[in-house]
6 protein chains.
Amino acid sequence: MTTMLPRPDLESDARVKAVFDDIRATRNTDFINNMWRWLAFDPALLERTWTEVKAVIGKPSSIDPLTKEMIYIAVSVANNCTYCVHSHTAAARAKGLTGEQYGELLAIIGLAGKTNQLATAMQIPVDPAFDASQQG
Amino acid sequence: MTTMLPRPDLESDARVKAVFDDIRATRNTDFINNMWRWLAFDPALLERTWTEVKAVIGKPSSIDPLTKEMIYIAVSVANNCTYCVHSHTAAARAKGLTGEQYGELLAIIGLAGKTNQLATAMQIPVDPAFDASQQG
Amino acid sequence: MTTMLPRPDLESDARVKAVFDDIRATRNTDFINNMWRWLAFDPALLERTWTEVKAVIGKPSSIDPLTKEMIYIAVSVANNCTYCVHSHTAAARAKGLTGEQYGELLAIIGLAGKTNQLATAMQIPVDPAFDASQQG
Amino acid sequence: MTTMLPRPDLESDARVKAVFDDIRATRNTDFINNMWRWLAFDPALLERTWTEVKAVIGKPSSIDPLTKEMIYIAVSVANNCTYCVHSHTAAARAKGLTGEQYGELLAIIGLAGKTNQLATAMQIPVDPAFDASQQG
Amino acid sequence: MTTMLPRPDLESDARVKAVFDDIRATRNTDFINNMWRWLAFDPALLERTWTEVKAVIGKPSSIDPLTKEMIYIAVSVANNCTYCVHSHTAAARAKGLTGEQYGELLAIIGLAGKTNQLATAMQIPVDPAFDASQQG
Amino acid sequence: MTTMLPRPDLESDARVKAVFDDIRATRNTDFINNMWRWLAFDPALLERTWTEVKAVIGKPSSIDPLTKEMIYIAVSVANNCTYCVHSHTAAARAKGLTGEQYGELLAIIGLAGKTNQLATAMQIPVDPAFDASQQG
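This one's a predicted model, so the numbers in the text were calculated from it and none came from an experiment.

### Considering the overall build of chain A
So, point 1. In terms of regular secondary structure, chain A is built from six helices and zero strands.
So, point 2. Along the chain direction, N to C, the helices and strands of chain A fall in the order α-α-α-α-α-α.
So, point 3. For 136 residues, the compact-globule estimate of 2.2 N^0.38 gives 14 Å, and chain A exceeds it by more than 25% at 19 Å.
So, point 4. Per-residue burial over chain A gives 60% buried out of 136 residues.

### Points about the interface of chain E and chain F
So, point 1. Contacts between the two partners involve 19 residues from chain E, matched on the other side by 19 residues from chain F.
So, point 2. Roughly 1700 Å² is buried in total at the junction of chain E and chain F, and carbon and sulfur atoms are behind 65% of that figure.
So, point 3. Looking only at chain E, the three residues that lose the most surface to chain F are Gln117, Ala121 and Gln123 of chain E, adding up to 30% of its buried area.
So, point 4. Between chain E and chain F we count zero salt bridges in total.
So, point 5. Put simply, the parts of the chain that give the side of chain E that touches chain F at least two residues each are helix H4 (65–78), helix H5 (82–94) and helix H6 (99–122) of chain E.
So, point 6. A total of 12 residues in the side of chain E that touches chain F trace back to one element, the largest contributor, which is H6 of chain E.
So, point 7. Residues that form the side of chain E that touches chain F fall into these classes: 10 nonpolar, eight polar and one charged.

### Some thoughts on the interface of chain A and chain B
Where interface size is given, it is often the accessible area lost as the parts come together that is meant.
So, point 1. Taken together, the contacts link 63 residues of chain A with 63 residues of chain B.
So, point 2. Across the interface of chain A and chain B, roughly 5800 Å² is buried in total on both sides, 71% from carbon and sulfur atoms.
So, point 3. For chain A, the biggest contributors to the area lost against chain B are Ile108, Met122 and Phe130 of chain A; these three give 12% of the whole.
So, point 4. Linking chain A with chain B are four salt bridges, by the criterion used here.
So, point 5. Close ionic contact of glutamate 52 of chain B with lysine 114 of chain A constitutes a salt bridge, the shortest N to O distance being 2.6 Å.
So, point 6. At the surface where chain A touches chain B, the tally comes to 26 residue pairs in polar contact (both at pLDDT 80 or more).
So, point 7. Of all the elements in the fold, those that place two or more residues in the side of chain A that touches chain B are helix H2 (34–39), helix H3 (43–56), helix H4 (65–78), helix H5 (82–94) and helix H6 (99–122) of chain A.

### Some details on the packing of aromatic side chains
Aromatic rings considered in pairs are described by the distance between their centres and by the relative angle of their planes.
So, point 1. One pass over the structure, following the stated rule, counts 24 aromatic pairs over all chains.
So, point 2. Between phenylalanine 130 of chain C and tyrosine 83 of chain F, the aromatic rings sit 6.3 Å apart at their centres with planes inclined by 70 degrees, giving edge-to-face as the arrangement. Of the two residues, phenylalanine 130 of chain C sits in the segment after helix H6 (99–122) while tyrosine 83 of chain F sits in helix H5 (residues 82–94), which places them in two different chains.
So, point 3. The class for phenylalanine 130 of chain C is buried, based on a relative accessible area of 14%.

### A short note on the environment of leucine 118 of chain A
So, point 1. Along the chain, the position of leucine 118 of chain A falls in helix H6.
So, point 2. Leucine 118 of chain A has contacts with Leu39, Leu45 and Thr49 of chain B together with Leu106 and Gly110 of chain D, leaving out every residue within four places of it along the chain.

### Describing the relation of the copies chain E and chain F
So, point 1. With an RMSD of 0.0 Å, chain E superimposes on chain F once it is rotated by 180 degrees and translated 0.0 Å along the axis. On the angle and the small slide along the axis, the relation comes out as a two-fold axis.

Cut-offs applied
Residues numbered from 1 in each chain as written. Chains lettered and ligands numbered in written order. Predicted model: local features only at pLDDT ≥ 70, side-chain atom pairs only at ≥ 80, totals over all residues. Heavy atoms only, no water. Helix = DSSP H or I, 4+ residues; strand = E, 2+ residues; numbered from the N terminus. Rg over C-alpha atoms; globule rule 2.2 N^0.38 Å. Buried < 20%, exposed > 50% of the residue type's maximum accessible area, 1.4 Å probe, protein only. Contact = heavy atoms within 4.5 Å. Buried area = accessible area lost by both parts, 1.4 Å probe. Salt bridge = Lys/Arg side-chain N within 4 Å of Asp/Glu carboxyl O. Nonpolar A, V, L, I, M, F, W, Y, C, P; charged D, E, K, R; others polar. Polar contact = N/O pair within 3.5 Å; in protein donor to acceptor, adjacent residues only side chain to side chain. Phe/Tyr/Trp six-rings, centres within 6.5 Å; stacked < 30°, edge-to-face > 60°. Least-squares fit on C-alpha atoms with pLDDT ≥ 70 in both.

So, in structure tokens, the structure goes:
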């Protein structure tokens, strides 16, 4: 089920075609996943989102590609985004996530989910040692 | 503000003292942060939580210590746990998080927050290519 | 999948029938969507919920009907309620939501999702200028 | 910090005074907690909310008063409502919550937070045995 | 859809078999629900999670078994875990949840969802009377 | 409390100064709120975020400025972002939000919070009439 359906002829829009061409070239595949096909109904939103994904995820940087995907999975699980959990778990596997790492990733996400609730339930005061505004 | 206050003499309970001693020995510091002091009112809960933290976060494994903290921050931000965001950002810094990495971590968390909402808003169907149950 | 099934003869209960009759009369349609059919197992809960929906959404007021639906969609996306995202997107379309407005609505929801995470991640202090208790 | 301040003379509004009088009579105390003082700027919203609280929480029913407060705490923790965690933990204590029960409540909330994340992360399919629509 | 599939021969792993045997013995049934079958890919995570579930949910304690399930449902709804809502609603029914109690449980969860949002929207200050650190 | 502090001389960085100058010119005020001062530690993240805010919120479009702020508040409340609730409630007031509209906005957000939980708790199936993929 979905709240909208993409038009069949998405790439008849020149702005959409330009983004899709760039996705294909950047990823070296003909596969355009549904995220981009659904966003295409609003070409400005599509362009901005793809540009940001390329800037944040697509470039060599101080965080390695697999770690980026693990962080993306962690946020998507906590925000409960079904689509994103699926797409980024697939992406992490494509970038080399092993079964052992997947088990550890789940263990960290699960433990964080638990301690998040415990700290919120008791409204534990933040230790002054953790507060940047108290540091010299 | 908090929903409860730890007793002043926490370590008069032998089970609490044993956990605190292990925290001090494991971390090589006298500092016991508030999470453990608040959990101490229920020694069984304290023991189980510390044992799990040691198993998941405290051991050399297939995910490196800094990456573990970045994943923990990501979940804590998405779950909106003030205490945990503070404590794990401090821990990440202690494990070497640079300003450049922090900026990238924020960029990934922010982008994930955005695309999570977009995918949920449109209820985008999961591509069959991402579904493990459709794979050979 | 669902956790419960409505009885086949819901309207044999007089309280349920009265609410359903009012829904049909208010909306000028015979269609009773599943929200009301599922709530009907507890007539008091059904009555309270429908009365509140009529008071909050169903009356002319200082916020126009389409804006109300956009706000409802925004909350439902952030809370990740699949049923509510579907039902209120359909309602917004019935009240005239255009494709252009839908694109903008998604852009705002997505941007808010991103800046919400950024502000939480850095635990940005609220500017005194925004705090009502500091104002003259 | 707050986004608004109640007027000093809240009870000069007859509808507000009537609700506050009913709160005092129902609870047998002069203390009106901030939730009601803040809602008073919109008397219709105040009336509807108090009426619902009385119907759901304030009447003898098939769930005992302390259990109701534990459920309220559980939702408030998962939704991360600071005000509500504080007010309902205080209410649970007033209704007899023991330290032992508080520890167990936290343990359940924490465990649920963890298994919620694990099930979402793996997108575990619901067992047909749990689906009401599959049952005879 | 799921992000992973359990291997067909899960119990060929001795650690998995030991946990599954204990689940069958503890629950007095041959039925192993999907949560455990999915976790089995990481035997350490499976063992830790089952041990915690037994300690928190499976033992006689100061909170009765049905109340534990109602609290578990409440957290799972607020965290939006489809799998967990289904499995714990089924468990609550197996432990005697009546239709009347289910209606009340929903009413409390719904009301808490509403007042959580109201308190957060107005950023209502916590009454000093609720703050443990202000108490004598 | 905060996880980081902005450097005192933020505008000595030319990219930061250019964004801050544009914020001042666009908003016709010298006031730079903390969101921008905190993001400034990573000039690329600052630039991307401000550019997106200008494109989504700052331009005349098919959704009027006050409605945009109400949608922003709705998402921020549901995501529980203290900073964002404060800053966008202040922005909505600056754009003319009346007390009557604020009361209605809260009523919609609260009602949505409630029905979101009810629909999730019962896992209500989406009516085929709401599903775009079923439409002709």
